[in-house]
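# Coordinate inspection notes
The lines below spell out each chain.
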Amino acid sequence: MRFADKLRNYSIAPAKPLSLMDEEQVKLDALVIGGGPAGLSAACAMAGAGMEVGVLERGEFCGAKNVSGLLYTTVLSEILPDYLESAPLERPVTRRSLAFLDREAYWSVSFGSEAWCEKPYNHTHVVYRAQFDRWFAGQTEELGATLLEGMVVENLLYEGEGATKRPVGVQIRDDEPLYADVIVLADGANCMVTDRAINELNLSRGAQEQTWAVGVKQIISLPREKLEDRFNLEPNEGCAIDYIGVPFEGLVGGGFVYTGRESVVVGFAAKAETFKHNRVSPAQVMDAFIQHPAVRRYVQGGNLEEYSAHMIPESGYRAIPEMVGNHVMIAGDAAGLVNMSMYHEGSNHAMASGRAAGETAAVAREAGDFSKEALQPYVQKLRASFVMRDLSKYKDVPEVMDSVPELFSLYPSKVCSLLIDFFEVSLRSKAEVQKQAIQKFLSGVPKLKGIRDIWKVRKLI
Ligand SMILES: Cc1cc2nc3c(=O)[nH]c(=O)nc-3n(C[C@H](O)[C@H](O)[C@H](O)COP(=O)(O)OP(=O)(O)OC[C@H]3O[C@@H](n4cnc5c(N)ncnc54)[C@H](O)[C@@H]3O)c2cc1C
């Protein structure tokens, strides 16, 4: 079906009649490229302010192409205050653990709180993005935005030259172009449309080049009682375990296990180039991780329901490009707004930035001015929010992770073996056992380097 017909036949009416400039040219107030958390939040803000908004999503439905594990819901709770009543949330995270893996041994610390079992559940939920994004898209439609799924945006269309150059619409694969006063680029990681727009509009790139992590995830179904038994959970509880150690040897990254209602999410994320250096494939790493005795016990006997992979921008603060041009704003992963510290926060940042972009567009529309200057409040809003403050606090994380590769396998392995050796039951005296355990722990890493590494690693916290 051609694009204009699709809009006319769209089953859910947009907030206002779409302006058909002529048979072939359709113009809206705003277009959002990408129906992920960033794009949908932008669309909610603009539709809520009475703007005519179209969300272009290349997936068959929003969420069809998205991957992630935990959703932090602080921003969502402001955009859609009743989300707890209807959002497809798997389980709240009421217990968190950090586990260090050696070849066969493991060591973990867990913490949780009764308060996390009560609303709003510390704003942390396990979600399946295919379901969550679809639900979020439905809410966005109810606010009056028009969803255009299964539409691949190939490029922006431009008018003007030099400082006055601006996008006026989008070129859609195998369809007619669509026009708008303002465009929010929220095409996620590997954002080819954003990348071209940065070049076309001569926006500055970040001080550092963006680098990427590969995230891989499996969803394994298990009967509910078995899952709750294995993880020692009540029906209203869930847990999130982060892993570093031997399965990720040589890589810069780590793994995770999260509990769904009747399924377990097992995955990892690691710097893309470290796979090449170590001559391992993501599938091999996933196999090694899932076969580790500490992980295998959780998933054995389950059925593999989903296997997915996605890129994650991992360079943080120093790689953020200029996020505003004439008539255009960049939000979410497309701008690289991911906190890769131990908090792994991407979707909440995506929602915060999308909402800020949407609100800025609504004010610009009132003023009838979508110039680069008029859209600067978007950047100011982000700078004043937790998004930029956190990204700035963790700006050294990529460098620390690169410069202390031992953090991801050697050190976890040493901590495990220290504990195993310490608790070895033998006919030797405790003093002898402990002395040998400490000597083994301290061997292989020069003291000065160890101290320097501990000092650097504090920046991840
Ligand atoms: C394995 C893994 C685990 C993760 N775990 C967490 C976690 O625990 N917590 C957390 O907060 N974050 C996590 N993240 C990061 C999180 O998923 C992202 O930060 C978040 O999805 C970013 O939202 P976004 O809307 O910017 O981009 P996306 O969610 O990627 O959405 C972009 C959308 O744009 C669409 N699109 C792209 N190009 C086009 C085009 N040309 N035309 C039309 N549509 C297009 C895509 O199909 C997609 O739907 C994880 C990521 C991965 C890969």
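Residues numbered from 1 in each chain as written. Predicted model: local features only at pLDDT ≥ 70, side-chain atom pairs only at ≥ 80, totals over all residues. Heavy atoms only, no water.

## Some words on the overall build of the protein chain
A count of helical and extended segments in the protein chain gives 17 helices and 19 strands. For 461 residues, the compact-globule formula gives about 23 Å, and the C-alpha radius of gyration of the protein chain, at 24 Å, lands near that figure. Overall size of the protein chain, expressed as C-alpha extent along the three principal axes, is 90 × 50 × 40 Å. Here the protein chain, with 461 residues, has 55% of them falling under the buried criterion. For the protein chain, the exposed area adds up to about 20,800 Å²; of that, 52% sits on carbon and sulfur atoms. Positive and negative side-chain charges of the protein chain, numbering 49 and 60 respectively, have mean locations separated by a distance of 8 Å. (Helix = DSSP H or I, 4+ residues; strand = E, 2+ residues; numbered from the N terminus. Rg over C-alpha atoms; globule rule 2.2 N^0.38 Å. Buried < 20%, exposed > 50% of the residue type's maximum accessible area, 1.4 Å probe, protein only. Areas by Shrake-Rupley, 256 points an atom, 1.4 Å probe, with all protein chains shown as cover. Lys, Arg positive; Asp, Glu negative; His and termini not counted. Charge placed at Lys NZ, Arg CZ, Asp CG, Glu CD.)

## As for the site of the ligand
Neighbouring the ligand are 34 residues; Glu-57, Arg-129, Val-153, Asp-333 and Gly-346 lie closest to it. Residue His-344 places a main-chain N or O atom 3.1 Å away from a nitrogen atom belonging to the ligand. For the ligand, the accessible surface in isolation is 1,000 Å², of which the surrounding protein chains cover 95%. Here the shell around the ligand is composed, by residue class, of 14 nonpolar, 13 polar and 7 charged. Shared between two domains, the shell around the ligand takes at least three residues from each, and those domains are domain 1 (3-81 + 129-209 + 317-384) and domain 2 (90-124 + 210-313). (Near = heavy atom within 4 Å. Polar contact = N/O pair within 3.5 Å; in protein donor to acceptor, adjacent residues only side chain to side chain. Nonpolar A, V, L, I, M, F, W, Y, C, P; charged D, E, K, R; others polar. Domains from an automatic or database assignment.)

## Here we look at the sheet that holds strand S7 (residues 106-112)
Spatially, S7-S6-S14-S15-S16-S13-S17 is the arrangement adopted by the 7 strands of the open sheet, whose pairing is mixed. Each edge of the open sheet carries a strand with a single partner, namely S7 and strand S17 (303-313). If you compare each strand with its neighbour and ignore which way they point, the axes differ by 15° on average. Bridging between strand S6 (residues 95-101) and strand S14 (residues 239-245) involves 7 bridges; their strand directions are parallel. Pairing of Ala-99 across the sheet is with Tyr-243, part of S14. Strand contacts of helix H15 (residues 410-422): S6, S7 and S14, with the helix running at about 90° to S6, the strand carrying the most contacts. (Pairing = 2+ DSSP bridges. Axes fitted to C-alpha atoms, helices over the stretch in contact; angles between N-to-C directions. Contact = heavy atoms within 4.5 Å.)

## Here's the deal with the packing of helix H11 (residues 347-367) against helix H12 (residues 377-384)
Here H11 crosses H12 at 145°, and the two axes come no closer than 9 Å. Considering the relative orientation of H11 and H12, their crossing is right-handed. Of the residues in H12, those in contact with Ala-352, Ser-353, Ala-356, Ala-357, Glu-359 and Thr-360 of H11 are Pro-377, Tyr-378, Lys-381 and Leu-382. Taken together, the residues of the contact of H11 with H12 break down into 6 nonpolar, 2 polar and 2 charged. (Left-handed = near helix turned anticlockwise from the far one by under 90°.)

## A word on the pattern of salt bridges
This structure, assessed with the given rule, holds 21 salt bridges. Arg-224 serves as the salt-bridge partner of Glu-228, at 3.2 Å between the closest nitrogen and oxygen. Here Arg-224 and Glu-228 lie together in helix H7 (residues 224-231), a separation of 4 residues that amounts to about one turn. Taking the relative accessible area as the measure of exposure, Glu-228 reaches 13% and is therefore buried. Arg-318 is the partner of Asp-396 in a salt bridge, and the nearest nitrogen-oxygen pair spans 3.0 Å. Separated by 78 residues along the polypeptide, Asp-396 in the loop between helix H13 (386-393) and helix H14 (397-403) and Arg-318 in the loop between S17 and strand S18 (324-325) bring together distant segments of the chain. (Salt bridge = Lys/Arg side-chain N within 4 Å of Asp/Glu carboxyl O.)

## Regarding the domain arrangement of the protein chain
Its domain assignment divides the protein chain into domain 1 (3-81 + 129-209 + 317-384), domain 2 (90-124 + 210-313) and domain 3 (398-460). For domain 2 and domain 3, the distance between their C-alpha centroids amounts to 24 Å. At the interface, 16 residues of domain 2 touch 12 residues of domain 3. At the boundary of domain 2 with domain 3, total buried surface from both sides reaches about 1,100 Å², with 72% on carbon and sulfur atoms. Counting across the domain 2 and domain 3 interface gives 1 salt bridge. Between Lys-271 and Asp-402 there is a salt bridge; the shortest N-O distance is 3.4 Å. Classifying every residue of the side of domain 2 that touches domain 3 gives 10 nonpolar, 3 polar and 3 charged. (Buried area = accessible area lost by both parts, 1.4 Å probe.)

## Concerning the packing of aromatic side chains
Taken as a whole, this structure holds 12 aromatic pairs when the rule is applied. Grouping aromatic residues by their ring pairs yields a cluster made of Tyr-243, Phe-248, Phe-268, Phe-275 and Phe-289. Geometry around Phe-61 places Arg-134 over its ring, the cationic atom sitting 3.9 Å from the centre. Geometry around Tyr-158 places Lys-165 over its ring, the cationic atom sitting 5.1 Å from the centre. (Phe/Tyr/Trp six-rings, centres within 6.5 Å; stacked < 30°, edge-to-face > 60°. Lys NZ or Arg CZ within 6 Å of the ring centre and 35° of its normal.)

## Considerations on the sheet that holds strand S5 (residues 89-92)
A sheet is described by the order of its strands in space; here 3 strands give the open sequence S4-S8-S5, paired in antiparallel fashion. In the strand order of this sheet, the two ends are held by strand S4 (70-72) and S5, each with one partner. Along the sheet, successive strands turn relative to each other by an average axial angle of 40°, direction set aside.

## Re the pairing of strand S10 (residues 153-159)
Relative to strand S11 (residues 166-172), S10 runs antiparallel, the two being bridged by 6 bridges. Directly across from Leu-157, in S11, lies its bridge partner Gly-169.

## Some thoughts on unusual backbone geometry
Put simply, Lys-119 and Pro-120 share a cis peptide bond, and its omega is 0°. By the element assignment, Pro-120 lies in the loop between S7 and strand S8 (124-127). One non-glycine residue, Tyr-121, lies in the positive phi region at around 60°. Take Tyr-121: it is sitting in the loop between S7 and S8. One non-glycine residue with positive phi stands out, namely His-123, at about 50°. The topology assignment puts His-123 in the loop between S7 and S8.

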